[in-house]
Amino acid sequence: MATQGTISKKVTSFRFKPELMESLRKNAAKENRTLNNYVESVLLEHEFNSPNAETRAVMEEAERGEYAGIIDTDHFDDFWNSIIND
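Residues numbered from 1 in each chain as written. Predicted model: local features only at pLDDT ≥ 70, side-chain atom pairs only at ≥ 80, totals over all residues. Heavy atoms only, no water.

Peer 1: Would you explain the overall build of the chain in this entry?
Peer 2: Assigned secondary structure in the chain consists of four helices and zero strands. In the chain, the order of α-helices and β-strands from amino to carboxyl end is α-α-α-α. Taken over 86 residues, the chain has a buried fraction of 6%. With an accessible surface of roughly 8400 Å², the chain has 53% of that area assigned to carbon and sulfur atoms. (Helix = DSSP H or I, 4+ residues; strand = E, 2+ residues; numbered from the N terminus. Buried < 20%, exposed > 50% of the residue type's maximum accessible area, 1.4 Å probe, protein only. Areas by Shrake-Rupley, 256 points an atom, 1.4 Å probe, with all protein chains shown as cover.)

As structure tokens, then:
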């Protein structure tokens, strides 16, 4: 019978400000999770779901209002036609 392998984990320590630790503990409790599990999932989410450099550049461009596709939405017909005619 084949057995599944175990997930290897390494014990590590970090130094966090007390306010951050309290916030992490509260958020973990809200989700009924251990602090370790919660922190690990937050780190994994950031590590693997962060936008790449190209996406970040486009997001920053849009935040500055430099996106070339910005149109005047005061007139719905013009707006709608610009969408369906592209």
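Peer 1: How do you make sense of a nonpolar patch on the surface when you look at a structure like this?
Peer 2: Residues F76, W80, I83 and I84 make up a contiguous nonpolar surface patch of about 420 Å² in total accessible area. Mapped onto the fold, F76 is located in helix α4 (residues 76–84). (Patch = residues over 30% accessible without salt bridge, like charges linked within 9 Å, V, L, I, M, F, W, Y side chains within 5 Å. Salt bridge = Lys/Arg side-chain N within 4 Å of Asp/Glu carboxyl O.)

Peer 1: Would you take a moment to explain the pattern of salt bridges for this structure?
Peer 2: As a working rule, side chains carrying opposite charge can pair if their charged atoms are close by. One pass over the full model with this rule turns up two salt bridges. Residue E40 pairs with K9 through a salt bridge whose shortest N-O separation is 2.9 Å. Of the two residues, E40 sits in helix α2 (residues 35–49) while K9 sits in the segment before α1 (18–30), which places them 31 residues apart along the sequence. Owing to a relative accessible area of 31%, E40 belongs among the partly exposed residues under this scheme. With relative accessibility at 56%, the residue K9 sits in the exposed group.

Peer 1: Any chance you could explain helix α3 (residues 53–63) here in plain terms?
Peer 2: Note on helix geometry: an α-helix contains 3.6 residues per turn, so any two residues three or four positions apart are oriented the same way. In this structure N52 caps α3, since a side-chain oxygen of it lies 3.2 Å from the backbone nitrogen of E54. After α3 finishes, the residue G65 shows a positive phi value of roughly 80°. (Polar contact = N/O pair within 3.5 Å; in protein donor to acceptor, adjacent residues only side chain to side chain.)

Peer 1: What am I meant to see in the confidence of the model for the chain here?
Peer 2: Any residue range with low pLDDT should be treated as having predicted coordinates unsuitable for detailed reading. In this model, the chain carries a mean pLDDT of 84, and residues with pLDDT of at least 70 account for 87%. No element of the chain has a lower mean pLDDT than α4, which averages 76, and none a higher one than α1, which averages 97. (pLDDT = per-residue confidence, 0-100.)

Peer 1: Would you mind showing me how to read the packing of α1 against α2 here?
Peer 2: Relative orientation and spacing of two packed helices are given, respectively, by the angle between their axes and the distance between those axes. Packing of α1 against α2 brings their axes to within 9 Å, and their N-to-C directions diverge by 100°. Classified by the interaxial angle, the pair formed by α1 and α2 is roughly perpendicular. Every residue of α2 that contacts α1 at M21, L24, R25, N27 and A28 is listed here: L35, Y38 and V39. A class-by-class count of the residues in the contact of α1 with α2 yields six nonpolar, one polar and one charged. (Axes fitted to C-alpha atoms, helices over the stretch in contact; angles between N-to-C directions. Parallel < 35°, antiparallel > 145°, perpendicular 65-115°, else oblique. Contact = heavy atoms within 4.5 Å. Nonpolar A, V, L, I, M, F, W, Y, C, P; charged D, E, K, R; others polar.)

Peer 1: Looking at this structure, I do not really get the packing of aromatic side chains. What am I missing?
Peer 2: Between two aromatic rings, the relevant description is the distance of the centres plus the angle of the planes. Throughout the structure, instances matching the rule amount to one aromatic pair. Both rings, one in F14 and one in F16, keep their centres 5.8 Å apart while their planes meet at 10°; by these two values the pair is stacked. (Phe/Tyr/Trp six-rings, centres within 6.5 Å; stacked < 30°, edge-to-face > 60°.)

Peer 1: What is the right way to look at unusual backbone geometry in this model?
Peer 2: Keep in mind that most residues, glycine aside, have a negative phi and that most peptide bonds are trans. Phi is positive for N32, close to 55°, though the residue is something other than glycine. Of note, N32 is situated in the loop between α1 and α2.

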